[in-house]
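Each chain is listed here by its residues.
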Amino acid sequence: MSEIQSTVKSYVLEEFLPGESPDAMDNSTPLISSGILDSLSTIKLVSFLEEQFNVQFEAHEISRENLDTLDLIAATVESKRHG
Amino acid sequence: MDFSFTPDQEALRDQILEFATRELTEGAIERDRGGVFPHDLWEKCGEMGLQGLPVPESHGGVGLDSLSTAIALEAFGYGCRDGGLAFAIGAHLLACVIPVWRHGSEELKERYLPGLSNGSLIAVNAITEPDSGSDAFAMKTRAVSVEGGFRIDGTKTFASNGPVADLAVVYAATDPDRGFLGGITAFLVEKGTPGFSVGQKFEKMGLRTAPLSELVFDDVFVPDDSVIGGVGGGGPIFNHSMEWERICLPAIHLGTMRHLLDRAVEQARTRKAFGQSIGKNQAISHRIADLKVRLEAARLLTYRSAERLETAGTVGLDASMTKLLVSESLVRSALDVVQIFGGYGYMDEYEVERILRDSIGSTIYSGTSEMQRNIIAGWLGL
Ligand SMILES: Cc1cc2nc3c(=O)[nH]c(=O)nc-3n(C[C@H](O)[C@H](O)[C@H](O)COP(=O)(O)OP(=O)(O)OC[C@H]3O[C@@H](n4cnc5c(N)ncnc54)[C@H](O)[C@@H]3O)c2cc1C
């Protein structure tokens, strides 16, 4: 698991799934389409990503395509960091 | 932490207060009775730049930072006695101008921001529908992609400025299954676009000089370039505009609360009963002490949130706390001042019952108090 994935995983577990075992979540666990993240928690996640990784999201980029799994989140953050 | 204003902020506050007390104090009783929107005063406010306070000068605005915007709006609320006009300007600036400025394409900004900022255009924000208010993203209004643009179908309601607006910021579902995240798109629709019309106009308890109506979209074609900020971006764009609205409409309320305090002190010192001023009774003076405490606490939170609007990563929590505290304080204070005025407080010529009627909407629009508490609880991880 990359640094981005593990940082985001810790954040999601602590913030949105308190008490849940880390084993219950892997890099492809759906977060938005499963309902783990609702609109408010997705906005919280985005602000965490922006602060933690020094990136900026446009409104239309805050979407399931970009944020549904740890893999997608990592890919999105990576492309923003290097794009 | 420095709580003092800069000389520029003091000058701005004084200038707006001088303008508002000179131009915006007369005629509110009659306009309230008749439900008349003051077009002429809207234009005067436009000449002062009120509708475009934070918009960059390059786009026709005043170019203020967010804290200075709040300071200017408090002065406006303090001097302006027409609560409907103040609300109409707040709704226009915060829910319409902000999304165009912060999320619109350069072309949209060039086309609309100068007119929106100088008072020559009036805008309306349309998200609420007859069957979805607090649950705004359960909207039924649809925008279907067609050659060169979209076709919008649906009915919006409780749209402030609806009957007088030249331009609407409209939220429609472009991918209904997705809802808030990626499913909603914000569009700009001009008055006169075929199929776009004003529906029922509402009579209401307060804010009677701010006209409010349904807006009907019957197979309205809008070109691709009328999309604000990308297809699917409507949810976060609306959220962002609500952050501004939940912080800067309360700034206007601070001014109203300050006016209420002045009126209460004056009445308590001059009205006599049982051979002494009514203010000599602690039942009255303690109520007024509470008005002062509420105002100062509300101002601190509002200014801190206003400053954070442009310095913090996200201000969703600050915005909900500010909106909740200030709106509930406003209603409480207005009710107290009517009580302090006794029978006179109930009569429209004393102009405090109108402030009470105008204030009640503040715990409903921009998200109800209950929804603010839900959001705050959500930020606390509950
Ligand atoms: C003066 C005024 C101006 C307005 N201007 C505009 C405008 O310009 N544009 C626009 O689009 N809309 C506007 N609105 C609409 C406003 O945003 C809605 O009225 C508001 O969001 C509430 O929605 P609703 O009226 O459908 O009430 P509902 O959502 O039906 O709520 C009814 C009651 O249930 C409570 N409730 C609902 N869900 C929950 C929950 N999950 N938890 C706890 N309590 C809950 C609410 O707090 C409320 O007390 C305006 C409203 C007013 C009064």
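A brief look at the structure comes next. (Residues numbered from 1 in each chain as written. Chains lettered and ligands numbered in written order. Predicted model: local features only at pLDDT ≥ 70, side-chain atom pairs only at ≥ 80, totals over all residues. Heavy atoms only, no water.)

## Observations concerning the interface of chain B and chain A
Thinking step 1. Taken together, the contact between chain B and chain A spans 20 residues of the former and 14 residues of the latter.
Thinking step 2. Surface buried jointly by chain B and chain A totals about 1,400 Å² across both partners, of which 63% is contributed by carbon and sulfur atoms.
Thinking step 3. In terms of surface lost to chain A, no three residues of chain B exceed Arg-178, Leu-181 and Trp-379 of chain B, which account for 41% of the buried area on that side.
Thinking step 4. For Glu-65 of chain A, the salt bridge is made with Arg-178 of chain B, and the minimal N-O distance between the two is 2.6 Å.
Thinking step 5. For the pair chain B and chain A, the interface holds four residue pairs in polar contact (both at pLDDT 80 or more).
Thinking step 6. Residues belonging to the side of chain B that touches chain A are distributed by class as follows: seven nonpolar, eleven polar and two charged. (Contact = heavy atoms within 4.5 Å. Buried area = accessible area lost by both parts, 1.4 Å probe. Salt bridge = Lys/Arg side-chain N within 4 Å of Asp/Glu carboxyl O. Polar contact = N/O pair within 3.5 Å; in protein donor to acceptor, adjacent residues only side chain to side chain. Nonpolar A, V, L, I, M, F, W, Y, C, P; charged D, E, K, R; others polar.)

## Regarding the packing of aromatic side chains
All names here are of chain B.
Thinking step 1. In the structure shown here, the tally under the stated rule is 13 aromatic pairs over all chains.
Thinking step 2. Centroid distance Phe-137 to Phe-238: 5.9 Å. Interplanar angle 80 degrees. Geometry classified as edge-to-face. Note that Phe-137 is positioned in the loop between β1 (123–126) and β2 (142–146) and Phe-238 in helix α7 (residues 234–270), a separation of 101 residues in sequence.
Thinking step 3. By relative accessible area, which is 9% here, Phe-238 ends up buried.
Thinking step 4. Among the aromatic residues, those joined into a ring-pair cluster are Phe-137, Tyr-171, Phe-180 and Phe-238. (Phe/Tyr/Trp six-rings, centres within 6.5 Å; stacked < 30°, edge-to-face > 60°. Helix = DSSP H or I, 4+ residues; strand = E, 2+ residues; numbered from the N terminus. Buried < 20%, exposed > 50% of the residue type's maximum accessible area, 1.4 Å probe, protein only.)

## Some details on the site of the ligand
Residues and elements named next belong to chain B.
Thinking step 1. Surveying the vicinity of the ligand reveals 17 residues, the closest of which are Thr-128, Ser-134, Phe-158, Thr-368 and Glu-370.
Thinking step 2. With respect to the ligand, the backbone of Ile-127 contributes an N or O atom lying 3.0 Å from an oxygen atom.
Thinking step 3. Contact distances for the ligand include 2.7 Å between an oxygen atom and a side-chain N or O atom of Thr-368.
Thinking step 4. When isolated, the ligand has an accessible area of 970 Å², and the protein chains bury 63% of it.
Thinking step 5. Elements represented by at least two residues in the shell around the ligand include exactly β1, β3 (149–160) and α12 (369–379).
Thinking step 6. Grouping the constituent residues of the shell around the ligand by class yields nine nonpolar, seven polar and one charged.
Thinking step 7. Counting residues domain by domain, the shell around the ligand receives three or more from each of domain 2 (124–232) and domain 3 (235–379). (Near = heavy atom within 4 Å. Areas by Shrake-Rupley, 256 points an atom, 1.4 Å probe, with all protein chains shown as cover. Domains from an automatic or database assignment.)

## Some details on empty space enclosed by the protein
Residue and element names in this part refer to chain B.
Thinking step 1. What the rule picks out here adds up to three cavities of 30 Å³ or more.
Thinking step 2. There is about 220 Å³ of room inside the largest cavity.
Thinking step 3. In terms of lining, the largest cavity is formed by 18 residues, of which the most central are Gly-83, Leu-207, His-253, Thr-256 and Asp-358.
Thinking step 4. Its residues placed into classes, the lining of the largest cavity shows nine nonpolar, five polar and four charged.
Thinking step 5. Space inside the second largest cavity adds up to approximately 50 Å³.
Thinking step 6. Put simply, the parts of the chain that give the lining of the second largest cavity at least two residues each are α7 and α9 (316–341).
Thinking step 7. Sort the elements by how many residues they give to the lining of the second largest cavity and α7 lands first, with four residues.
Thinking step 8. Per-class residue counts for the lining of the second largest cavity are three nonpolar, four polar and two charged. (1 Å grid on protein atoms, 1.4 Å probe; cavity = no way out; pocket = protein on both sides within 12 Å on 5 of 7 lines; lining within 4 Å. Points joined across faces, edges and corners; volume = space filled by probe spheres on them.)

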